[in-house]
Amino acid sequence: MYGKVSLGGSGYFKVLNLGEMAFVHLDVLCFYSLLICTAFSSVSSNAEIKVNPPQDFEIVDPGYLGYLCLQWQPPLFLDKFEECTVEYELKYRNIDSEDWKTIITKNLHYNDGFDLNKGVEAKIHTLLPPHCTNGSEVQSLWSEATYWKSPQGSQETKIQEMDCVYYNWEYLLCSWKPGLGVHFHTSYQLFYWYDGLDHATQCPDYIKVDGQNIGCRFPHLEASDYKDFYICVNGSSDSYPIRPSYFIFQLQNIVKPLPPDYLSLTVKNSEEVNLKWSMPQGPIPAKCFIYEIEFTEDDTTWVTTTVENEIRVARISNESQQLCFLVRSKVNIYCSDDGIWSEWSDEQCWKDDIWKETLVFFLTPFAFVSLFVLLVTCLLLYKQKAVLKTIFQRKQEVFSHQDTFC
């Protein structure tokens, strides 16, 4: 028995006997069987590799007003993977937050700031890299932890309308209003901490109204920029407990500069005006400012911004009677994520001298007329003087003649 096997589009066929065809078929079956066995063997091998989650996972509060430490111990039976670099995937957030923060680390701890007005939740698992597990990453089950500040006092006893401003990047001032319905003898205290302080520190200089603390003037804060600044305002009362309030700021984001000064307005020509001002005084670098300019031409006002301390603007009309502008400043996006606008500067104005032109227009003809009248008057007076002189001379001649006759 023979069969035919086509070798392509050439029309040539090789004739094989049935025995040879059987061997070819058997080789194909063996090849596929080998592939299947290898695949199953690999899956089975990976399925057998397991790793435990980290041990003793907990959230620790060192007393830094929201700066917490998440720490854990290596998983059990990790000695089986001595040649592997074990990593941990950590996820954490404030409870009720939609998004998890994710960190992958080889360490056994991680620190970050949290809003202690809410609870904190975190979870962690162990990761084995692919080169230790036949090419696929192996993950342990999750280990979870939560942390809550024990609530005390009702929500109404918390302070209200907390407001902190870092004036001119030099001194910090915070103010608040007492909680609703609290007694006038309720005492509030402010504590703060940032990386660089050994412990949370109480406000050294309170702002008081009727003997009650309603704000804090902070001392010079050394090396506090571009760091989380943690604040807690708690209180005490003889009648009931006071619930504390927690806040996190970045000081460079709450800077309020001084307003610019030494404004000048120069009318270059009938179409263009040059506005210029001096950079606000203080430690803020010139590159960190953005300015908002309010320019008024007669009854039309518009606002623009610039990072320079000079700007040229086009006049709406060359017949405008008054041009005014004022400026305020803020820390720009190159030095902070946010900021507070300064107060507006004093207004600088330019007024057209049209009243002088009008005065000149009316006074010039008047001056000519007046001069003409004066000249005519002088001529008349001169002629009158000549006439009087002639009459006087004639009278003298008459008197002289009479004396001679006598």
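Since the structure is predicted, the reported quantities are computational estimates derived from the model, not experimental observations. (Residues numbered from 1 in each chain as written. Predicted model: local features only at pLDDT ≥ 70, side-chain atom pairs only at ≥ 80, totals over all residues. Heavy atoms only, no water.)

A.B. asks: How do you make sense of the overall build of the protein when you look at a structure like this?
C.D. replies: When its secondary structure is counted, the protein shows two helices and 26 strands. Per-residue burial over the protein gives 34% buried out of 406 residues. The contacts of the protein with a sequence gap of at least 6 include a subset with a gap of at least 24, amounting to 60%. Surface summary for the protein: the accessible area is close to 26,100 Å², and the carbon and sulfur share equals 56%. (Helix = DSSP H or I, 4+ residues; strand = E, 2+ residues; numbered from the N terminus. Buried < 20%, exposed > 50% of the residue type's maximum accessible area, 1.4 Å probe, protein only. Contact = heavy atoms within 4.5 Å. Areas by Shrake-Rupley, 256 points an atom, 1.4 Å probe, with all protein chains shown as cover.)

A.B. asks: Help me understand the pairing of strand 24 (residues 310-314) in this model?
C.D. replies: Regular strands have side chains that alternate between both faces of the sheet. Burial along strand 24 is one-sided: Ile311 and Val313 are buried, while Glu310, Arg312 and Ala314, pointing the other way, are not. Across five bridges, the pairing between strand 21 (residues 272-278) and strand 24 is antiparallel. Residue pairing across strands places Leu275 opposite Ile311, the latter belonging to strand 24. (Pairing = 2+ DSSP bridges.)

A.B. asks: Mind showing me how you'd approach the nonpolar core here?
C.D. replies: General note: in soluble globular proteins, nonpolar side chains tend to be found buried as a group. Leu172, Leu190, Phe218, Phe229, Ile231 and Leu275 are the most contacted members of the largest nonpolar core, which has 44 residues in total. In this structure, Phe57, Ile124, Ala145 and Cys232 belong to the second largest nonpolar core, which totals 28 residues. (Core = buried A, V, L, I, M, F, W, Y, C linked by side-chain atoms within 4.5 Å.)

A.B. asks: Could you clarify how one ought to interpret the state of the cysteines in this entry?
C.D. replies: Two cysteines, two sulfur atoms, one covalent bond between them: this is a disulfide. Under the criterion given, the structure shown has four disulfides. Residue pairing for Cys164: its cysteine sulfur links by disulfide to Cys174, the two sulfurs lying 2.0 Å apart. Handedness of the Cys164-Cys174 disulfide follows from its S-S torsion of about 115°: it is right-handed. In this pair, Cys164 sits in strand 11 (residues 160-167) while Cys174 sits in strand 12 (residues 171-177), placing the two residues 10 residues apart along the sequence. Here Cys288 engages in a disulfide with Cys335; their sulfurs sit 1.9 Å apart. With the S-S dihedral at roughly -75°, the linkage between Cys288 and Cys335 falls on the left-handed side. With Cys288 in the loop between strand 21 and strand 22 (289-297) and Cys335 in the loop between strand 25 (322-331) and strand 26 (348-351), this pair connects stretches of sequence that are 47 residues apart. (Disulfide = S-S within 2.5 Å.)

A.B. asks: Looking at this model, I keep getting lost on the side chain of Lys256. Mind explaining?
C.D. replies: Tracing the backbone shows Lys256 in strand 19 (residues 255-256). With near-sequence residues (within four places) excluded, Lys256 lies in contact with Val165, Tyr166, Tyr167, Asn168, Ile340, Trp341, Ser342 and Glu343.

A.B. asks: Can you help me understand the sheet that holds strand 17 (residues 228-236) in this one?
C.D. replies: Across the sheet, four strands lie side by side as 14-13-17-18; this open sheet has antiparallel pairing. The two strands at the open ends of the sheet, each matched to only one other strand, are strand 14 (201-202) and strand 18 (245-250). Both strand 17 and strand 18 contribute to a ladder of six bridges, which runs antiparallel. Across the sheet, Phe229 pairs through a bridge with Phe249, a residue of strand 18.

A.B. asks: Looking at this structure, how should I read the pattern of salt bridges?
C.D. replies: Where charged atoms from two side chains of opposite charge approach closely, those side chains can pair. Counted by the stated rule, this structure contains eight salt bridges. Notably, a salt bridge pairs Lys149 with Asp61, separated by 3.5 Å at the nearest N-O pair. Of this pair, Lys149 sits in the loop between strand 10 (143-147) and strand 11 while Asp61 sits in the loop between strand 3 (55-60) and strand 4 (67-73), placing them 88 residues apart in sequence. For Lys101, the salt bridge goes to Asp112, with nearest N and O atoms at 3.8 Å. (Salt bridge = Lys/Arg side-chain N within 4 Å of Asp/Glu carboxyl O.)

Worth remembering: the numbers are spatial, not functional.
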